[in-house]
Amino acid sequence: MKFTIGLKLIIAVMMPVILEVIFIFRVEHAKLDETFENLANDSFEQTIKIVENNFSFMQQSNIYMANTLLENKKIKNYLVNKNIQAIYEYLEIKVRDMNVDSLIILDKDANIIAEHGLFHIDAENLKSYSLVNEAMKNKSAVSMIERVADIFVYYTAVVIMEEDQVIGEILIGLQLSNRLLSEVKKGTNIDISIVGDRALVATSLVDENNQSITLLPLAYTEYLWLLNGNVDLLSTKMGSKEYYTKAKELSLVDKDTTNASLMMMQNKDNYNHQLSQVRFMQVSFLLILIGSLFLAVLIISLMLRKNFSKIIKGLKLISAGKYGETIEINSRDELQTIAPYVNVMSQSIKEKDERIVSHVLELEEKIEENLALKDREKKLYDKATKDFLTGLFNREKFEEHLDYMIVHSFRNEKKIALVMLDIDFFKKVNDTFGHLVGDATLKKIATLLKENLRKNDICARWGGEEFMIALEVDSLESAVEITQKMRVVIASHKMDVVSKVTCSFGITLIKEDEDKKSAFLRADEALYSAKENGRNRVEVKI
């Protein structure tokens, strides 16, 4: 029976691993979802109900205390007689007896008659409270969370009636404090915080020193994600503890004056047992997977090592350039079909390599011939167009290029200036220092001219120690300026043997439709004038 490599791999490793992965992941993912997300969400929903029940109890308690105050008629009598001092003294006693944080009496126009408690409330702000207006309007008890300065208070407003007419209102307030939320937390294992206007209002959370925290334990933007429903649960770290966090708007808040919401945080330590089980299963799966893979590799390597070694040997021979060698494999799987292909590839590469080497040799020979031909062409071109000593254009090439410049310049409304120069006392240089120094001087003058001319200007050796330059300029003044700069450069340059060499310059402009020979003659006459007038100077002839 013939077993392919794929079949061997499936039998040895893949089938048990695949079945194991499917089983473990289905079971463990189901456990993770149920243990962490569902249980956490259920706990948070129960906490929300507990908080709502506490607020409901606080409302009923406040209503009961307000009705108790109104039963003895003192408050009504004080209001009717407008005995404010008596009302204040009565409130002072009742705040202590009722164990509340704020007690306020209002008249029928929502003006403060008297107040007593832990904090003072602004009269104008009080009139904007929704619960005050709703209680007056509906003649019923209303409870809301209101902001007083930097604290938040759970107020219950109860109207004071006399002969079916509203004559005032009682406000009983309990501050939303850390102590209050810590009492609420006793009914659940979840920490509760109230967040209002970007700040932590009250919380049951404590730090590692068992002190109540004062700042939000997460970034405010993250809190907004939770509040707006962008994420359902958020993992938060505070100190060394990690929490699941959820947020929900409080429906009891007076949204006309402030905003507040409920934040709940559950310590992840509550799920440590389940987490340990999941981790144990993950580690077990990882160890099983590694063991299975190791065993699979060991089995396959033992089965295939001998034949793979033969294939590798054949490939190494090919990579070393030893083509034409053959390998033989006797097995009942795909490896047996690889050997003939390796042998054919080796022979094919050998034949192609021989053809490539032949083509490369032919190509190298042609390249050498082309390079030699181009070198000869360049030498012939230079010999035909350039002065052998200075490398400048010869007369023939200069005149050819000048024709092009003339056409181009007149088309672009430019002018062509001819500058003819001659080395002063050059015969004396040859007689004094010899012709080799004279040749070196000519080469140096040619170099200085090329270095200081512009891109479109041309220069030629005219004969002996004479040179001719063609400049494309806007005016005669521009040509004189350029020439004067060249004269100064040459005169200030220190030669190797001859300490100083100067040149005389003659300038003319080529006229439209003029024979260039006439222009050459004027340039020569201008040069002659420069020599006659003292040398090392520039003369112009129009």
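A brief report on the enclosed structure follows. These numbers were taken from a predicted model, which means no experiment stands behind them.

All told, the structure shown has 13 salt bridges when counted by the stated rule. Between R461 and D387 there is a salt bridge; the shortest N-O distance is 3.4 Å. Of this pair, R461 sits in strand β12 (residues 458-463) while D387 sits in the loop between α9 (335-385) and α10 (395-411), and the two are 74 residues apart along the sequence. Taken as a pair, R461 and D387 share a single burial class, namely buried. Linking E539 and R537 is a salt bridge whose minimum nitrogen-to-oxygen distance equals 2.8 Å. Three or more residues are tied together by salt bridges with common partners; here these are E399, D403 and K516.

Moving on: the pairing of strand β5 (residues 165-175). The buried fraction of β5 is high, at eight of eleven residues. Alignment of strand β1 (residues 102-107) against β5, held across six bridges, turns out to be antiparallel. Looking at the pairing, I105 lines up with I170 of β5. Hairpin connection of strand β4 (residues 151-162) to β5: two residues between the antiparallel strands, including E163 at a positive phi of 55°.

This part takes up the packing of helix α11 (residues 426-433) against helix α12 (residues 435-452). Two numbers describe how α11 lies on α12: the axes approach to 7 Å, and their chain directions differ by 140°. What the angle tells us is that α11 and α12 run oblique. Residues F426, V429, N430 and F433 of α11 form the contact with α12, whose own contacting residues are H435, V437, G438, T441 and L442. Split into classes, the residues belonging to the contact of α11 with α12 amount to five nonpolar, four polar and no charged.

Regarding helix α6 (residues 178-185), the residues found buried are L180, L181 and V184. Mapping the buried residues of α6 onto a view down its axis gives an arc of 95°, with all of them on the same face.

Parameters at a glance
Residues numbered from 1 in each chain as written. Predicted model: local features only at pLDDT ≥ 70, side-chain atom pairs only at ≥ 80, totals over all residues. Heavy atoms only, no water. Salt bridge = Lys/Arg side-chain N within 4 Å of Asp/Glu carboxyl O. Helix = DSSP H or I, 4+ residues; strand = E, 2+ residues; numbered from the N terminus. Buried < 20%, exposed > 50% of the residue type's maximum accessible area, 1.4 Å probe, protein only. Pairing = 2+ DSSP bridges. Axes fitted to C-alpha atoms, helices over the stretch in contact; angles between N-to-C directions. Parallel < 35°, antiparallel > 145°, perpendicular 65-115°, else oblique. Contact = heavy atoms within 4.5 Å. Nonpolar A, V, L, I, M, F, W, Y, C, P; charged D, E, K, R; others polar. Arc of directions from axis to C-beta.

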